[in-house]
Structure formats: structure tokens, C-alpha cells
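Here are the chains, one letter per residue:
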Amino acid sequence: MFHVKHFITMKKLTACTVCDNSSTKPHLECIDYMKSREVFTLEKCNHCQFIFTNPRPEEDRLGENCKFEDYISHSDTKEGLISKCYQIVRSWNIKQKVKLLGKEKGTVLEIGSGTGKLLAKCKEVGWKTIGIKPSLEARKIAKETNHIELIGNINTVKEKKNSIDRVMLWHVLEHIPNIDEVFVKINLLLIDDGKLIIAAPNSKAYDAEKYQENWAGYDVPRHLSHFQKTTFKRIADKHSFEITKIKPMWFDAFYTSLLSEKIKTGKYNYIKGFSTGLRSKIKAVVGKCEFSSLIFILEKKRAK
């Protein structure tokens, strides 16, 4: 693996972001194939086994790494086969995500709202919506295309303590540098019997183990944290949440495998990418490995 000098300001962490242990070891070196072509190191904590990108861009520079044409979640484009497939699957996923909220209605907060498509659907079926997206471009699309007003920061949420019924983070937590601060804020805002729904790539999946440093789920430097069931549970416990259910994201293995083939070979190999995605999904269904992305449904721990 060759090394590339970083042209952006970097921050070096001296301890694990989950357990604060200072004993870590190099895990993988991954290239930012999407934008800078720079090399980033993934470290693994020797105590809790949590994997994180280190060093990583300074917090005020993180958004710049998402500013490029191929970053689909900030766009509604349907140009190109990958984007078309993404938009089709996203429409199906939106319906399933709304179902996860439950039949009762209230206030839902989405952290990392993209262009507001999910919140628009939530609003359509009767939810009061609050959305957060730092990207000014994404907020503009949300307002003009989906008629959803988004705010830029969780600290500007005006709702009172214990007033929000559902909080959602769909493939967002891995981007957040200050996970502890966000969990503390969520715990304050969420009602006692509310639900926190978090989806994230699973670095224990078959496609992650197959592609290793070329796995698209690592997506350095945009992804700062790299979760597995065990390490995610540690984070939940740390912030007085319990995981009540874990569900798969059914199509992520296909999308991730296609992108991983592009990273590995420099071109889209649709047949090989699809077959790897299918193999990953089948192995997960029969219990021989884990799904490419997982949905964690959490509730506040009740005092005993």
C-alpha cells in the first residue's frame, strides 16, 4: 500500500472513541477512491475491538469530503445505472422506514436527512418532522424539491426535553465525529418510551471480509466509525440505551459490492458485483455470516 501526503488538516486521536482506551493497533489502510485518492488508516481498539478512522479530517472540514458529483445521498439524480438502481431501491426503502416508525403518530427527528425524501413521506402520513443536514446544497434541494425545511445542526433543535417520539439516523452515525455528544442530546430529546432507529454498515459482513481495504462500506474519510454488533452494543450501553431489535437492510450488499468492485478494479463489474452481493445476502439469511448493513432499534433503559 502506497502512502499519500494529506492535503487537508488532520486530527489524530489518542484513544478509542468508544471506551477511551489508548491501546490501539493498525487494522487496514484504505484509499479515498471517491475523491482525494489519499490513504487513510483504520485503527482497532485492543480493548473493545472498535474500528475507527485515525487520523481523520478536522471537524470543520468533514463536509468538504462529501462535495462531489458521485455522492448520491446528496443528489436526486437518476443518471447512470448505479444511480437509477439506487433511486429505485431508495423508494422501496422509504416505505419500509416509515413502517418502522409504527402506527401511532408524533414528532420524528431525522439526523442526516439527505434531500428530505424520507421526511416528506413521514409528513405525508401524519408525522410532525424535524430534519438535520449540515450540507447547504442538500437543504436547498430538500426545500425546493421535497418541500421540507431542514436545519444545519442538532444543537439548534428547539424542542423541549422528552418531547420527540422517534429519532432516526440512516447511514449517518458513521459520519459523526462526536458520537457521545449526539447520543447525550438524543437521550434528552427522546420520550421515555420512544424509539431510536440507527442503520450503519456492518464491517463483520461477508462482503466486508471479502473486499477488505477495498470495501465500499469503509468509505474513508467520510466514514469515521466502523460498526459491528458487539461494538455498537457497547455504545448503546454507554448511553443507557438497549437494543430491542436488529434488522437487515436487504439491498445494501448489492450496492456495496458493486462499488467495491469499482474500487478494486477501477471499473464497474456488474455481474461480479451482483453475484458477490447475492452470495453475501444468502450467507446472511442462512446464518453463515452477517448482513452488509444493519438496522438497530433502541429504547432507553428503564430503571429497575
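Analysis parameters
Residues numbered from 1 in each chain as written. Predicted model: local features only at pLDDT ≥ 70, side-chain atom pairs only at ≥ 80, totals over all residues. Heavy atoms only, no water. Axes fitted to C-alpha atoms, helices over the stretch in contact; angles between N-to-C directions. Helix = DSSP H or I, 4+ residues; strand = E, 2+ residues; numbered from the N terminus. Parallel < 35°, antiparallel > 145°, perpendicular 65-115°, else oblique. Left-handed = near helix turned anticlockwise from the far one by under 90°. Contact = heavy atoms within 4.5 Å. Nonpolar A, V, L, I, M, F, W, Y, C, P; charged D, E, K, R; others polar. Core = buried A, V, L, I, M, F, W, Y, C linked by side-chain atoms within 4.5 Å. Buried < 20%, exposed > 50% of the residue type's maximum accessible area, 1.4 Å probe, protein only. Phe/Tyr/Trp six-rings, centres within 6.5 Å; stacked < 30°, edge-to-face > 60°. Pairing = 2+ DSSP bridges. Right-handed = clockwise from strand over helix to strand, strands pointing away. Salt bridge = Lys/Arg side-chain N within 4 Å of Asp/Glu carboxyl O.

At a closest axis distance of 8 Å, the pairing of helix α7 (residues 252–265) and helix α8 (residues 270–285) adopts a crossing angle of 140°. In terms of orientation, α7 lies oblique with respect to α8. Relative to α8, α7 is oriented so that their crossing is right-handed. Here Ala253, Phe254, Ser257, Leu258 and Glu261 of α7 lie close against α8, whose contacting residues are Tyr270, Lys272, Gly273, Phe274, Thr276, Gly277, Leu278, Ser280 and Lys281. Of the residues that constitute the contact of α7 with α8, the class distribution is 6 nonpolar, 5 polar and 3 charged.

Our focus in this paragraph is unusual backbone geometry. Between asparagine 54 and the following residue, proline 55, the backbone shows a cis peptide bond with an omega angle of 0°. Mapped onto the elements, proline 55 comes out in the loop between β4 (51–53) and β5 (56–57). For the bond running from valine 220 to proline 221, omega is -5°, close enough to zero to count as cis. Positive phi, normally seen in glycine, also occurs at aspartate 20, with a value near 65°. Tracing the sequence through the fold places aspartate 20 in the loop between β1 (10–11) and β2 (24–31). Positive phi, close to 35°, is recorded for aspartate 219, a residue that is not glycine. Structurally, the position occupied by aspartate 219 is in the loop between α5 (206–211) and β11 (225–226).

It is worth spelling out the nonpolar core at this point. Counting residues in each nonpolar core, the largest one holds 40 residues, and the members touching the most others are Leu109, Ile111, Val167, Leu169, Leu173 and Leu196. If you list the elements that add at least two residues to this core, you get β6 (107–111), β7 (128–132), β9 (164–170), α4 (179–189), β10 (190–201), α6 (229–238) and β13 (293–300). A per-element tally of this core places α4 first, with 5 residues. Excluding anything up to four places from it in sequence, leucine 109 contacts Ile130, Ile132, Val157, Ile164, Arg166, Val167, Met168 and Leu189. Judged by nonpolar contacts, the second largest core, of 18 residues, contains Ile94, Val108, Leu150 and Ile297.

A complete count under the given rule lists 10 aromatic pairs for this structure. Each ring, one from tryptophan 215 and one from tyrosine 218, has its centre 4.9 Å from the other, and the planes form 85°; the classification is edge-to-face. Between the aromatic rings of phenylalanine 254 and phenylalanine 274, the centroid separation amounts to 4.9 Å while the plane-to-plane angle is 25°, which identifies the pairing as stacked. Separated by 20 residues along the polypeptide, phenylalanine 254 in helix α7 and phenylalanine 274 in helix α8 bring together distant segments of the chain. Here a set of aromatic residues connected by ring pairs shows up, and it is made of Phe50, Phe52, Phe227, Phe232 and Phe296.

Across the 12 residues that make up β10, a large majority, 9, are buried. When β9 meets β10, the two strands line up parallel, connected through 6 bridges. Across the sheet, the residue bridging to valine 167 is leucine 196, located in β10. Taken together, β9, α4 and β10 constitute a β-α-β crossover, and its handedness is right-handed. Examined bridge by bridge, β10 and β13 share 6 bridges and lie antiparallel to one another. Looking at β13, one finds that alanine 199 is bridged to isoleucine 295.

Okay, the pattern of salt bridges next. Counting across every chain of the model gives 13 salt bridges. When the shortest N-O distance is used, the salt bridge between aspartate 192 and lysine 300 registers 3.6 Å. Placement of aspartate 192 in strand β10 and of lysine 300 in strand β13 is noted, with a sequence separation of 108 residues between them. Judged by relative accessible area, which is 52%, aspartate 192 ranks as exposed. In the salt-bridge network here, residues are joined through shared partners; they are Asp32, Asp219 and Arg222.

Strands sit in the order β2-β3-β4-β11 across an open sheet of 4 strands; the sheet is antiparallel. One side of each edge strand has no neighbouring strand; the edge strands of this open sheet are β2 and β11. Pairing geometry for β4 and β11, over 2 bridges, is antiparallel. Bridging from a neighbouring strand, isoleucine 51 pairs with histidine 226 of β11.

As a further point, take the environment of tryptophan 250. Along the chain, tryptophan 250 turns up in the loop between β12 (241–248) and α7. The exposure class assigned to tryptophan 250 is partly exposed, which follows from its relative accessible area of 35%. Considered as a pair, tryptophan 250 and histidine 175 are 75 residues apart in the sequence and their alpha carbons are 21 Å apart.

Everything listed here is a matter of coordinates, which is why it stays silent on function.
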